[in-house]
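Breakdown of the fold
Now for the letters of each chain:
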Amino acid sequence: MGKPIIVGGTVEQRGVVAAASYEVRKYGIHSAMPTSQALKLCPNLIILPVRMSRYIELSEQIHKIFYDYSPDIEPISLDEAFIDVTGSIKLFGSAEKIGREIKNRIKQELGLTASVGIAPNKFLAKLASDLEKPDGFVVITEDNKQQIIDSLPVSRIWGIGKVTTKALDSMGVTTIKQLRTTPIYTLKTVLGNQAEEIQKLAQGIDDREVV
């Protein structure tokens with residue numbers, strides 16, 4: 001803890017960074033970067049090997065905690081998932097209370113720090129979980145959603161990558177609020193058939209179910 005660490009392959013293996021501690025990110029190091037480049041940016045870097053079996057073991061333990069609160073879980077990766085607690089509130093209390101319990105249990109039982117995002121839909125929940133990492137707890141509601149997301153860059157929206165971000169930037173659309181308030185026919189010149197769906201996300205609307 002507190003040391004400049006990456007997990008990944010060695011220079012001799014022509015390896016890349018699989019994960020980077022927050023201490024090394026300030027040097028500009030990020031996942032998928034060649035290890036050789038990371039060492040140039042931070043010469044005192046500590047390189048640790050990938051331990052997939054350990055990650056799977058911990059992932060299974062985390063998911064056991066999730067399933068204590070809801071059967072409706074959609075994993076996104078080893079350490080991340082959507083959890084629909086709509087049907088669990090009468091049993092366990094509010095979504096916020098359930099989120100706090102899950103976060104605390106992961107810390108107490110596994111010694112790991114988790115970030116939690118609570119919201120009415122998947123897009124907002126995922127965004128909320130990313131806002132205050134590494135130890136975040138963010139609640140987005142129908143009432144505060146635009147206040148929270150309007151000032152964020154358009155790249156925070158699913159489906160908008162680097163190329164699309166540049167194209168929107170050339171139109172003067174750099175924030176979610178600007179995307180939300182731009183006429184749909186203007187957005188279609190850049191986003192094509194995805195324009196309406198992406199503008200809905202900018203409005204905090206996402207009808208996709210947890211599957």
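Now for the nonpolar core. Core analysis: the largest hydrophobic core is formed by 21 residues, its most contacted members being Ile140, Ile149, Ile157, Ile160 and Leu179. Breaking this core down by element, the ones donating at least two residues are α6 (122-131), α9 (176-181), α10 (184-191) and α11 (195-202). Setting aside residues up to four positions removed in sequence, isoleucine 140 forms contacts with Ile118, Ala119, Pro120, Leu124, Leu127, Ala128, Lys145, Ile148 and Ile149. Counting residues in each nonpolar core, the second largest holds 12 residues, with Leu58, Ile62, Ile73 and Val85 among its members.

Packed helices, taken two at a time, are described by their axes: the angle between them and the distance between them. At a minimum axis distance of 9 Å, the contact between α10 and α11 shows a crossing angle of 115°. The pairing of α10 with α11 is recorded here as roughly perpendicular in orientation. Read as a crossing pair, α10 and α11 show a hand that is right-handed. Residue-level contacts link Ile184, Leu187, Lys188 and Leu191 of α10 to Ala195, Glu196, Ile198 and Gln199 of α11.

Another point: the sheet that holds strand β1 (residues 5-8). Strand order in the open sheet formed by 3 strands is β2-β1-β3, and the pairing between neighbours is mixed. For this open sheet the edge positions go to β2 (17-20) and β3 (46-48), each flanked by a neighbour on one side alone. The sheet shows a mean angle of 30° between the axes of neighbouring strands, taken without regard to direction.

A few words now on unusual backbone geometry. The peptide bond linking lysine 133 to proline 134 adopts the cis configuration, its omega dihedral lying at 15°. Notably, arginine 14 is not glycine yet its phi reads approximately 55°, a positive angle. Structurally, the position occupied by arginine 14 is in the loop between β1 and β2. Unusually for a residue other than glycine, alanine 32 sits at a positive phi of about 80°. By secondary structure assignment, the location of alanine 32 is in the loop between α1 (22-25) and α2 (35-41). Alanine 32 sits in the exposed class, given a relative accessible area of 59%.

Reading the values: rules and limits
Residues numbered from 1 in each chain as written. Predicted model: local features only at pLDDT ≥ 70, side-chain atom pairs only at ≥ 80, totals over all residues. Heavy atoms only, no water. Core = buried A, V, L, I, M, F, W, Y, C linked by side-chain atoms within 4.5 Å. Buried < 20%, exposed > 50% of the residue type's maximum accessible area, 1.4 Å probe, protein only. Helix = DSSP H or I, 4+ residues; strand = E, 2+ residues; numbered from the N terminus. Contact = heavy atoms within 4.5 Å. Axes fitted to C-alpha atoms, helices over the stretch in contact; angles between N-to-C directions. Parallel < 35°, antiparallel > 145°, perpendicular 65-115°, else oblique. Left-handed = near helix turned anticlockwise from the far one by under 90°. Pairing = 2+ DSSP bridges.

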